[in-house]
Amino acid sequence: GIVRREVYEKFFALAPAGQEFFKQSTTRLHFIADKFVPLTLDMYRDPKRMVQDLSALGLRHVGYSVPTDLCGPFVTACVQVIRMLIDNE
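The notes below deal with the structure included here. This one's a predicted model, so the numbers in the text were calculated from it and none came from an experiment.

Here we look at the layout of surface pockets
Link 1 in the chain: Estimated volume of the largest pocket: approximately 1200 Å³.
Link 2 in the chain: The set of elements that each furnish at least two residues to the lining of the largest pocket consists of helix H2 (26-45), helix H3 (47-63) and helix H4 (71-88).
Link 3 in the chain: Of all the elements, H2 adds the most residues to the lining of the largest pocket, at nine residues.
Link 4 in the chain: Split by residue class, the lining of the largest pocket holds 21 nonpolar, five polar and five charged.

What follows is the structure in structure tokens.
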């Protein structure tokens, strides 16, 4: 629960305009938030595949007309949450 909540709280604080692009159901938002920790681990396990996967993800978001300037704040929010998790353990 804390990861799900914190990612969006931090992201919306960094980029309030991002709220316009996250109007999905809570279930969908949880699904998205639950993906970033495994994706982070996969970057270390299989970086070549992750470059391809993240490039495809970026292209999908461009197709959804999500402004690319929202990507940085979302990644920053995810990194902040991971740091918080590491510091708590």
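After that view, the rundown keeps rolling.
Here's the deal with the packing of aromatic side chains
Link 1 in the chain: All told, the structure shown has seven aromatic pairs when counted by the stated rule.
Link 2 in the chain: Note on Phe11 and Phe22: the rings are 5.5 Å apart at their centroids and 70° apart in plane angle, and the pair reads as edge-to-face. Taken as a pair, Phe11 in helix H1 (residues 2-14) and Phe22 in the loop between H1 and H2 lie far apart in primary sequence, eleven residues in all.
Link 3 in the chain: These aromatic residues form a ring-pair network of at least three members: Tyr8, Phe11, Phe12, Phe22 and Phe74.

Let's talk about the packing of H2 against H3
Link 1 in the chain: Relative to each other, H2 and H3 sit at 135°, their axes nearing to 6 Å. It follows that H2 is oblique to H3 by the angle criterion. When H2 is examined against H3, the residues Leu39, Asp42, Met43, Tyr44 and Arg45 are found in contact with a partner set consisting of Pro47, Arg49, Met50 and Leu54.
Link 2 in the chain: Looking at the contact of H2 with H3 residue by residue, the classes come out as six nonpolar, no polar and three charged.

Procedures and definitions
Residues numbered from 1 in each chain as written. Predicted model: local features only at pLDDT ≥ 70, side-chain atom pairs only at ≥ 80, totals over all residues. Heavy atoms only, no water. 1 Å grid on protein atoms, 1.4 Å probe; cavity = no way out; pocket = protein on both sides within 12 Å on 5 of 7 lines; lining within 4 Å. Points joined across faces, edges and corners; volume = space filled by probe spheres on them. Helix = DSSP H or I, 4+ residues; strand = E, 2+ residues; numbered from the N terminus. Nonpolar A, V, L, I, M, F, W, Y, C, P; charged D, E, K, R; others polar. Phe/Tyr/Trp six-rings, centres within 6.5 Å; stacked < 30°, edge-to-face > 60°. Axes fitted to C-alpha atoms, helices over the stretch in contact; angles between N-to-C directions. Parallel < 35°, antiparallel > 145°, perpendicular 65-115°, else oblique. Contact = heavy atoms within 4.5 Å.

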